[in-house]
Structures are given as structure tokens and as C-alpha cells.
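Topology and contacts: notes
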Amino acid sequence: MLNRIYRLSHSVTLIVCVAFIAFLLATPAAAQSFAPPDFTELYEKYSQAVVSIDVRQKFRHPMNLLEDDPFYEFFRRFGTPTPRRGESEAPQASGSGFIVFSDGYIITNAHVVNNADEVKVILYDKTEYTAEVIGTDRRTDVALLKIDATHLPTVAIGDPERLKVGEWVVAIGKPFGLENTITAGIVSAKGRDLPQENLVPFIQTDAAINPGNSGGPLFNMRGEVVGINSLIYSRTGGYMGLAFAIPIDVAMNIVNQIKISGKVTRGRIGVVIQEVGKDAAEAFGLSSPSGALVNSVEKDGPADKAGILAGDVILKVEGRDVKNSAELPRIITVMPPGKKTTLSLWRGGKVKEVTVTIAEIDDGESDASVRREGKSSGAANHLGLVLSNLSAEQKQQVGIKNGVLVDSIQGRVRGNIQSGDIILAIIQQGLMIEAVNVKQVNDVLARFGKNSAVTLQILRGDTYYFVTIRPLPDSVGK
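Described below are features of the structure shown in this document. (Residues numbered from 1 in each chain as written. Predicted model: local features only at pLDDT ≥ 70, side-chain atom pairs only at ≥ 80, totals over all residues. Heavy atoms only, no water.)

Remarks on the overall build of the protein chain
Along its length, the protein chain carries ten helices and 31 strands. Counting the 478 residues in the protein chain, one finds 43% classified as buried. Excluding contacts between residues fewer than 6 apart, the proportion of contacts in the protein chain whose partners are at least 24 apart in sequence is 60%. Carbon and sulfur atoms make up 52% of the accessible area of the protein chain, which amounts to about 25,400 Å² in all. (Helix = DSSP H or I, 4+ residues; strand = E, 2+ residues; numbered from the N terminus. Buried < 20%, exposed > 50% of the residue type's maximum accessible area, 1.4 Å probe, protein only. Contact = heavy atoms within 4.5 Å. Areas by Shrake-Rupley, 256 points an atom, 1.4 Å probe, with all protein chains shown as cover.)

Right, here's the structure in full:
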């Protein structure tokens, strides 16, 4: 019996030892899987398609300074080129680019080559070419260059849609004039909206990007270009961990248009849109805050002819979900003018499909503003809004049939509403109730609970908005 127990314990000990040895053998491999990736193969294979760009610009100085001029010492001391008589050459600027077609077509940023008198491209083997600027697009900051060369190495084009936040990416370029510099980081975010630009869903990365990296490629770990390094956020002019790249699919759409036709065209449907917030989604009867809410429709524009109305929420374009309002112009602008496309709308609690013919964007359109004044009704409603009726002349002046002026706000209301706004409609259970006069509007608003959110369609200046307001606990009429 003791012998059997001994043999059993010996077997258990042996099993435990074998398992422990297996664990030790497996540990280095497991640890290796968490090691940083090796970028050497990517650099060796694809860096030859990355180029350096030097830009020279000649200009005629408006001032002719002599050495006895008091401003002469100012320019000299602060390192600024001293203006002299006649024509002179400005210090060269530098950037990066990459070869997309083997017969000499190169992509870079528009801001790298804008207003350049001479553009030099230096290849990986130090061969230098004078480049022709085929075309630029300032809205997306993309430029296409051409050099007189063939059989050049090219990059592989990737799919930014497959890119994931947290994925490793690599930038190769010429930061501070240092050619063929490689830096690595991760994708920090996708679809970033930046001020003054709604056509580019920027890729945010923490790869070290500095002046001179502009126009260079952003690679994924498969060696595919997924973006063009374009912008940095910096308080010092150098790397601070916030860099932004133009998705390569956006850039290639521009490049192909420039290459084929020499210009860039963009589609439009003639609507003004805004984001759908949580409260607005509830007011319109949507299950989630998604889509693009139509504020206004251009008269006789494509959307107007298709029957799209203010208050519609555009949910899909040709079956593609519009997740937020920023996505709609990005989808529409890449469509060629004349194309017929199907939009899925949310209206009155139901999905409706319409067909719209895409028109071409006219960047020369201008806005007009009209001053409005109304006579106050004097009394504030339970939201603290003092409303007044508009005269027939005032309605005609601003181009509306009905509406009520917000004369002042006496209560504390949370939401984007201001004195001078004109309330055009109240949204209730997905339906738009037109604002006819002060009494009717106050009666409709009274049907909401004292602490309930209310969604309104308003006119502010020349722009239509949908705003959601809610009384704070100490508002008028609590």
C-alpha cells in the first residue's frame, strides 16, 4: 500500500515538473509577443519610394532697405532675410512626398508647394529632379507633382477603413531637413474633425511628426500607405504627440481627378445640416442619436427638387450609414456631379427613400443677413422665454411665412437659444408643429412637462438650426 502511494506521489511530482518546464519554455514566446514590433523590413522595402521636397520662391520686396535704414538692423538681428533692392530668393522650405505611379507622379501636401517658383524632388539615391506641380487642392491639402523619370519604386496604397485605433503606424519623411527619417507610434483616433475643415476625417497619431514631415506617408505594419502626414498640434513648433494625417482614400480621389482632368470637382445636394443630439433624437422619435439633421434646404437645389424637407434626418446614402453629420458632406462631395443617388430619410417616425441628382459645389456662394426687430409680448412662458409676434413685413424681409421672435430670456434655460432667434417650429413625437403666433407657441410648449426638454427649429441670422432647450430647476414657472 505504501509502495502504491509512493509511486502515485512520484507520478504527480513528475507531471507538475513537466508542466512547470513547459511553462518556462512558453514564457519567452509569450513575452516576445508583447515586444515592440520590428520596423526594419518595412523601412528597407518602402523607404525608397519616399522623397524629399525642397521649395524655392522668388519674390520682389516692397521695401528697399539700405544699411543706414533703422529697420535694416531689425531684420538682420532677428534672423529674417534682409529685404534688398530688386528680386531675391527666399530661404528654401522643405517637405516630404511619396511616389504613387512609377512614371514620376508624387503626392505631397498642397501647403508644401503652394506659391512655389521652383520645386526640387530628391530621391532616395540623392538623384535630384525639378518637379512640375500638376495640381493642388487646398480644401484637402493634397498636391500632385510630376518628375521626368520612369521605373520608379512606388508605395502600396492601403485602406484607412481597416485601420484600428491602437494600431502601430510609421512615418517616413524629412523632419527639420533630415532626410529618410522614420518615426513610429500608434493610431490615437480616427475621423477627427478639425476647425475650418469638414471634408477630411483626419487620422490622429502619436508618431513623432515635425516640420518637414508634411506630405510624407503614414504606413501601417503591412507596409501600406494609409495617410499623408499633414498637421501637427504644437505650442512650440515641434512634436507634442498630436499629429494628423489625411486618409489616403481621400487623397487618391483628389489625385485621380487632378491626373485625369486637371481639376477637382465636388458634389453637393443643397442642404444645411447639424448633429443629432440625444435630446433631438428623442424628440424626432429616433432610436439613437445618429444621422444628419436637415436645418434648411436650398430653394430649387437638388435636395429641394427631390422633396427633402427641413426636419428630415438623413440616415443613409446608397445604403451607407451616416453615423454623424460630419460624414454626410464627406460622402456627398466625392460623388461626381450628375450622379443620381438614393438617400434614406427619417420623417414623421418613418423611413422614406428619395433619389437626388448630385450638383457641383460653387465655392463662390455668399450669405446675406437681415436685421429683425419685434415688439415684446412682455410675459415670459414657463421656459423663461419672452416671445413676440412678427409683422407681415418682417416675415417677408426674412423670407418666412410664420415664426415667433425670441425677444428676451428671463429664466435660466439650458440650451443654445438666444435673444433675436426666430422660432419656426416645435418638434413633438417626430412631428413639426409650425410656430404661428405667441399664444399658439406658448400653448404647445405648455403641454410639455415643466422639466422636459423641448426641441425647436429656429432661424438665427441666415442659418436654420434645431436646438434642444431644458429649464433649469430654478427657471421661471417651476
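Considerations on the pairing of strand β9 (residues 142–146)
In terms of residue burial, β9 counts as a mostly covered element, since four of its five residues are buried. Where strand β5 (residues 105–108) meets β9, four bridges bridge the pair, whose relative direction is antiparallel. When the bridges of β9 are listed, T108 appears paired with A143. In this structure, strand β8 (residues 132–137) lies alongside β9, joined through five bridges in antiparallel fashion. (Pairing = 2+ DSSP bridges.)

Examining the nonpolar core
Counting residues in each nonpolar core, the largest one holds 29 residues, and the members touching the most others are F98, F219 and I228. Top element by residues in this core is helix α5 (residues 248–261). It accounts for seven residues. Beyond its immediate chain neighbours, meaning those up to four positions away, F219 contacts L42, Y46, V50, V155, W168, V169, V170, I172, E224, V225 and V226. Counting residues in hydrophobic clusters, the runner-up holds 19 residues, among them V406, I417, I458 and V467. (Core = buried A, V, L, I, M, F, W, Y, C linked by side-chain atoms within 4.5 Å.)

A look at unusual backbone geometry
Residues other than glycine seldom take positive phi values, yet N115 does so here, at roughly 65 degrees. In this fold, N115 is placed in the loop between α4 (110–113) and β6 (118–122). Owing to a relative accessible area of 56%, N115 belongs among the exposed residues under this scheme. One non-glycine residue, K126, adopts positive backbone phi at about 75 degrees. Counting through the fold element by element, K126 comes out in the loop between β6 and β7 (128–130). For K126, a relative accessible area of 56% translates into the label exposed.

Comments concerning the sheet that holds strand β1 (residues 50–56)
If you walk across this open sheet you meet the seven strands as β7-β6-β1-β4-β5-β9-β8, and the pairing is antiparallel. Because the sheet does not close on itself, it has two edges, and the strands there are β7 and β8. If you compare each strand with its neighbour and ignore which way they point, the axes differ by 30 degrees on average. As paired strands, β1 and strand β4 (residues 93–101) are joined by six bridges and run antiparallel to one another. The residue bridging V50 from the neighbouring strand is F98, located in β4. (Axes fitted to C-alpha atoms, helices over the stretch in contact; angles between N-to-C directions.)

Some thoughts on the environment of D54
If you trace the backbone, D54 turns up in strand β1. On the basis of relative accessibility, which here comes to 10%, the residue D54 falls in the buried class. C-alpha of D54 to C-alpha of V121: the two residues are 67 residues apart in sequence and 6.5 Å apart in space. In this structure the side chain of D54 is engaged in a polar contact, spanning 2.7 Å, whose partner is the side chain of K174. (Polar contact = N/O pair within 3.5 Å; in protein donor to acceptor, adjacent residues only side chain to side chain.)

A word on the packing of aromatic side chains
In the structure shown here, the tally under the stated rule is five aromatic pairs. Pairing F284 with F466 gives two aromatic rings, centres 5.5 Å apart and planes at 75 degrees, and the pair type is edge-to-face. With F284 in helix α6 (residues 278–284) and F466 in strand β31 (residues 463–471), this pair connects stretches of sequence that are 182 residues apart. In this structure F284 comes out as buried when scored by relative accessible area, which is 3%. Owing to a relative accessible area of 5%, F466 belongs among the buried residues under this scheme. One Lys or Arg, K146, reaches over the ring of Y105 and ends 5.4 Å from the middle of that ring. We note K259 situated over the ring of F101; from NZ or CZ to the ring centre the distance is 4.9 Å. (Phe/Tyr/Trp six-rings, centres within 6.5 Å; stacked < 30°, edge-to-face > 60°. Lys NZ or Arg CZ within 6 Å of the ring centre and 35° of its normal.)

Some remarks on the side chain of T333
Along the chain, the position of T333 falls in helix α8 (residues 327–333). A polar contact of 2.6 Å, which involves the side chain of T333, links it to the backbone oxygen of P329. Those residues within four positions of T333 in sequence are excluded, and the remaining contacts are L199, T265, R266, G267 and I361.

Observations regarding the pattern of salt bridges
A side chain of one charge can pair with a side chain of the opposite charge if their charged atoms are brought near each other. Under the counting rule described, the total for this entry stands at twelve salt bridges. Close ionic contact of K174 with D54 constitutes a salt bridge, the shortest N to O distance being 2.7 Å. Of this pair, K174 sits in the loop between β11 (168–173) and β12 (181–194) while D54 sits in strand β1; the two residues are 120 residues apart in sequence, bridging distant segments of the chain. You'll find K174 and D54 in the same group, each marked buried. Across the pair R266 and D137 runs a salt bridge, and its minimum N-O distance is 2.3 Å. Of the two residues, R266 sits in the loop between α5 and β17 (267–268) while D137 sits in strand β8, which places them 129 residues apart along the sequence. (Salt bridge = Lys/Arg side-chain N within 4 Å of Asp/Glu carboxyl O.)

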